[in-house]
There are 2 protein chains.
Amino acid sequence: MEKPSLPKGTRDFGPSTMAKRQFILDTIRQVFQKFGFLPLETPAMENLSTLTGKYGEEGDQLLFKILNSGDFLKEVDPAKLESRNSKSITPDIAEKGLRYDLTVPFARFVVMNRHEITLPFKRFQIQPVWRADRPQKGRYREFFQCDADVVGTDSLVCEAEIIFMIKEVMSRLGVIDYTIKINHRRILNGIAEAIQAMGKESELFVAIDKLDKIGVENVKKELSEKGFNPSQLDTLFQVLSIQGLNSDKIESLNNSLSASNSGIKGLREIQHVFDFLKQYGESDEHVELDLALARGLSYYTGCIFEVKINSVSIGSVSGGGRYDNLTQAFGAKERLSGVGISFGIDRIYDAMEELNLFSPQALLSSKVLICHFDEGTFNHGLHVLASLRKSGIASEIYPEVAKLKKQLEYGSKKRIEHAIVIGEEEMKSGIFTIKNLINGEQTRLPLETIIQQLSN
Amino acid sequence: MEKPSLPKGTRDFGPSTMAKRQFILDTIRQVFQKFGFLPLETPAMENLSTLTGKYGEEGDQLLFKILNSGDFLKEVDPAKLESRNSKSITPDIAEKGLRYDLTVPFARFVVMNRHEITLPFKRFQIQPVWRADRPQKGRYREFFQCDADVVGTDSLVCEAEIIFMIKEVMSRLGVIDYTIKINHRRILNGIAEAIQAMGKESELFVAIDKLDKIGVENVKKELSEKGFNPSQLDTLFQVLSIQGLNSDKIESLNNSLSASNSGIKGLREIQHVFDFLKQYGESDEHVELDLALARGLSYYTGCIFEVKINSVSIGSVSGGGRYDNLTQAFGAKERLSGVGISFGIDRIYDAMEELNLFSPQALLSSKVLICHFDEGTFNHGLHVLASLRKSGIASEIYPEVAKLKKQLEYGSKKRIEHAIVIGEEEMKSGIFTIKNLINGEQTRLPLETIIQQLSN
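For every chain, the first residue of the written sequence is number 1, and numbering continues from 1 onward in sequence order. Both sets of labels track the order of writing: A upward for chains, 1 upward for ligands. In keeping with the model being predicted, local features are shown solely for residues with a pLDDT of at least 70 and side-chain atom pairs are shown and tallied solely at 80 or more, while totals for entire chains, interfaces and linings include all residues. Note that the side-chain values use all heavy atoms of the structure and ignore hydrogens as well as water.

## As for the packing of helix H15 (residues 375-390) of chain B against helix H18 (residues 447-455) of chain B
Between two packed helices, both the angle of their axes relative to each other and the distance between the axes serve to describe the pair.
Residues and elements named next belong to chain B.
Then comes step 1: With their axes 10 Å apart at the nearest point, H15 and H18 run at an angle of 35 degrees to one another. With respect to the hand of their crossing, H15 and H18 are arranged in right-handed fashion. Contacts between H15 and H18 pair Val384, Ser387 and Leu388 from the former with Leu447, Ile451 and Leu454 from the latter.
Then comes step 2: Looking at the contact of H15 with H18 residue by residue, the classes come out as 5 nonpolar, 1 polar and no charged. Here the axes come from fitting lines to C-alpha atoms, over the contacting stretch only for helices, and the angles between their N-to-C directions go from 0 to 180 degrees. Only DSSP runs of H or I covering at least 4 residues are called helices, and only runs of E covering at least 2 are called strands; the numbering of each starts at the N terminus. Each crossing gets its hand from how the near helix is turned against the far one by less than a right angle, where anticlockwise is left-handed and clockwise is right-handed. Every residue pair with non-hydrogen atoms within 4.5 Å of one another is taken to be in contact. Amino acids are sorted into nonpolar (Ala, Val, Leu, Ile, Met, Phe, Trp, Tyr, Cys and Pro), charged (Asp, Glu, Lys and Arg) and polar (every other residue, Gly among them).

## Digging into the relation of the copies chain A and chain B
Then comes step 1: Placing chain A over chain B gives an RMSD of 0.1 Å and needs a rotation angle of 180 degrees, together with 0.0 Å of translation along the axis. Here the transformation between the copies is reduced to the relation of a two-fold axis. For chain A, the minimum C-alpha distance to the rotation axis belongs to A:Ile66 and amounts to 2.2 Å.
Then comes step 2: Take the interface residues of chain A: 100% of them recur as interface residues in chain B, which is what a same-surface contact looks like. Residues reaching a pLDDT of at least 70 in both copies supply the C-alpha atoms on which the copies are superposed by least squares.

## Topic: the sheet that holds strand E8 (residues 287-289) of chain B
Residues and elements named next belong to chain B.
Then comes step 1: When DSSP finds two or more bridges between two strands, those strands count as paired. Strand order across the open sheet formed by 8 strands is E1-E5-E6-E11-E10-E9-E7-E8, with mixed pairing between neighbours. The open sheet is flanked by strand E1 (38-39) and E8, the only strands paired with a single partner.
Then comes step 2: Where strand E7 (residues 178-184) and strand E9 (residues 300-309) come together, 7 bridges link them in antiparallel fashion. Across the sheet, residue tyrosine 178 finds its bridge partner in E9, namely isoleucine 309.
Then comes step 3: Packed onto the sheet, helix H7 (residues 157-173) meets strand E5 (121-130), strand E6 (142-151), E7, E8, E9, strand E10 (318-323) and strand E11 (338-344) and runs at close to 15 degrees relative to E11.

## Thoughts on the environment of A:Leu98
Then comes step 1: Locating A:Leu98 in the fold gives a position in strand E4 (residues 96-98).
Then comes step 2: Burial classification: accessible surface area is computed with a 1.4 Å probe over protein chains only, and a residue below 20% of its type maximum counts as buried, one above 50% as exposed, and the rest as partly exposed. Judged by its relative accessible area of 1%, A:Leu98 is buried.
Then comes step 3: Between the alpha carbons of A:Leu98 and A:Leu267 there is a distance of 38 Å; along the sequence they are 169 residues apart.
Then comes step 4: Not counting residues up to four positions away in its chain, the partners in contact with A:Leu98 are A:Ala44, A:Met45, A:Leu51, A:Leu63, A:Phe64, A:Ile66, A:Trp130, B:Met45, B:Ile66 and B:Leu98.

## Digging into the packing of helix H8 (residues 185-194) of chain B against helix H9 (residues 201-208) of chain B
Residue and element names in this part refer to chain B.
Then comes step 1: At a minimum axis separation of 10 Å, H8 and H9 run at an interaxial angle of 110 degrees. Considering their axes alone, H8 and H9 lie roughly perpendicular with respect to each other. Considering the relative orientation of H8 and H9, their crossing is right-handed. Across the interface between the two elements, Leu188, Asn189 and Ala192 of H8 pack against Glu201, Leu204, Phe205 and Ile208 of H9.
Then comes step 2: Counted by class, the contact of H8 with H9 contains 5 nonpolar, 1 polar and 1 charged residues. Reported orientations rely on four angle classes, namely roughly parallel under 35 degrees, roughly antiparallel over 145, roughly perpendicular from 65 to 115, and oblique for the rest.

## Considering the interface of chain A and chain B
Then comes step 1: At the junction of the two partners, chain A supplies 101 residues and chain B supplies 101 residues.
Then comes step 2: Simply put, the buried area is the total loss of 1.4 Å probe accessible area from both parts when two parts are fitted together. Between chain A and chain B the total buried area reaches about 8700 Å² when both faces are included, carbon and sulfur atoms providing 62% of it.
Then comes step 3: Whenever a carboxyl oxygen of Asp or Glu lies within 4 Å of a side-chain nitrogen of Lys or Arg, that contact is scored as a salt bridge. The tally of links from chain A across to chain B stands at 6 salt bridges.
Then comes step 4: Residue A:Glu396 is joined to B:Lys122 by a salt bridge in which the shortest nitrogen-to-oxygen separation is 3.2 Å.
Then comes step 5: In terms of residue count, helix H15 (residues 375-390) of chain A provides more of the side of chain A that touches chain B than any other element does, 7 residues in total.

## Here we look at the packing of aromatic side chains
Then comes step 1: Each aromatic pair joins two rings of Phe, Tyr and Trp (for Trp, the six-membered one) with centres within 6.5 Å, and gets the label stacked for planes under 30 degrees apart, edge-to-face for over 60, and tilted for any other angle. For the coordinates displayed, the defined rule picks out 20 aromatic pairs over all chains.
Then comes step 2: Ring geometry for A:Phe109 versus A:Phe121: centroids 6.3 Å apart, planes at 25 degrees, classification stacked. Highlighted residues: A:Phe109 in helix H6 (residues 103-112) and A:Phe121 in strand E5 (residues 121-130), separated in sequence by 12 residues. When sorted by exposure, A:Phe109 lands in the same class as A:Phe121, which is buried.
Then comes step 3: Placement of a charge over a ring requires the Lys NZ or Arg CZ to be within 6 Å of the ring centre, with the centre-to-atom vector within 35 degrees of the ring normal. In this structure, A:Lys122 is placed above the aromatic ring of A:Phe37, and the distance from its NZ or CZ to the ring centre is 5.0 Å.
Then comes step 4: For the cation-ring pair, B:Arg389 lies above A:Phe35, with the distance from its terminal atom to the ring centre recorded as 3.6 Å.

Shape is all these values report; function is a separate question.
Put into structure tokens, the structure is as follows:
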């Protein structure tokens, strides 16, 4: 028989990984709830009509599609089958796909439930998504997204709230050295205007988004090839090279982009977000206006964000922005502006491992293992077990009569903190030996005292 | 544009549903952890070779299959395509499927990680599963299972622990009237022996499993049609009609099945489980030896369980049992016995709704909404917001300048408990009005006092 295996790009999460992932997920969930976001979950499967056309052509190709049940070939045009054109047959044999992100299902939910929802609607959603991408380091075919979005208000305080949430998440996770990059689509449009590259925004943004990875010279080269002339490039890199405090950058840009209505509006909004930070009593530490931040997804229309944990070789761990027209893609007549942030917990996990930020005991084990020698002490152990659990102490009994050494090894491997060993004498006296499986210390105490100590 | 919709048999879970579901999930997770089970998660997608052949032929047909990426028709034999036989083409165009339950992925995990695992291995797993079943009341195409299994020990204390866990889950959920049905595959085999129906066990078990639903007469009819004679049926229903305490039933069965080794062994094991209950200090209240319990899945070999919430029209909310050979299905040479329980949280949810067991305020909202009148009071509100959150109080600010009535309505609809209203006077004095949005009461207090009160 063939050995069982996992599909490419997917992973099992065993107990020690789960404990660490759970810590990250719980942290993010707690912060979302503290900020007034309510939970939502949507199905893993969506109709392909919901998913297709929202992520660009490349995204469409990365959708996992689900084969229709039953005799799925029955209705397929024979001529089509004969042509063996996989792409043209797909819509006939697959109606559903696995969700690709959480933003599109959220927009679909809002449109379908528009009349039951109180606006502004603040929701968070923590669920896996699937992409048929080529697997590589830090890129998986199944991974979790943790999203928080507000829909139904233009207020820029929502952008400021996103920054507060990122700061609180990072601080709770123990990440100290990170940068929240912020930019605005209108500033980017302003730059395009300033160098007279209107109509070529997308080539421009795609190229400058790579500055971090491939450097100035390569970006210049790419833009030249795309038809940008040297004078355009000069002006562009003059603008992009502005350094200094966020306030200095904004001041300088107010000059460079003064001719662009779009640019000035974007700058004013960014300024507003920084003002909210101040009102809240929060500095702009960790926050950096980064003109090279463009973000791939085409639906963003306002502020955009990305979070990078510095000193680790991992891409951004979080990203988001404001989008104005997403619900309209589902036929909603009213314009509902939304803004959101998405944390990628797989990358946060990898970064935290690299930075050694997980506590070494992180395993969601029980606190006490009850050990015994024979049927009699085992039965008495059950009694002790019941008392421990009644006091809320997570505990277990080694389920078989076995050598004490084997039982203690089981406890150590499972990183259970304490073992209570029950022998004949303990049964009679009611005084039990409790052994700390981490440092080896042991003491003899009455059960009530043990329970009291462990309950604290 | 077409209105967006959900795939058949799938559901969105909005905030109020999520709060209740989360309560059930957290309860079950906490109990699992208290009993020493460690978390595991496996991918949504498994290779079809892992899933196929584990759930019977009907199960195989209910698997959701994922279309291979790229040019999936390229390698398909043209003759096969021409035959338009969906079933025979499926393996060529779909290599992966969505998981159908959590037990088979768990067995696959154990076999793949046999050398890293400490036996006995106690794991819990809370994840959705998918079945292409016909949707109907209480039956969905995507639903959550919450499983706890121990693998690597024959000890019957594990069966007793399952009963303790069910009792603790039910008690924490507030469910009072429920029955844990228990039976043993060997007792069923013993009954088959006693009526000389060896070789026809599966017809027999399938029929008596329906007693609850279709009644004695219809079961008799079904068995007659399957070739059981009147004398067999008489003996069968004599055995099945045994009433009384569990101990009475066991005693009576010890007589009726005395000629069957299998039957006697099953009875001894059941007796052993009841003995463990007593040792633990737990009565057999809620536990009922039910000879008509058979359970469909073919992999069970020992004790089997099912939990029914009485007085609601919903099938079993939990089920499980012992299986001896599941890892061998994945080529493991060693025999690893396992026993587990699965809670179906969708049905528990429906039952709790019917019994009105959810607290009316169950919504994971923030505790405080900050209301304001204009830009100045809004900005001051941000400052108050920061102070509340610093003390760990979940809170939010209404993000736009709007009429107070609108702001308070937003708070009420979101079931936020308190509103702090900030006007000019409050800004100056530092004394704020805090309004209880549930009962309408309001008081004026300094911010520090408000924070102190809300922190408790």
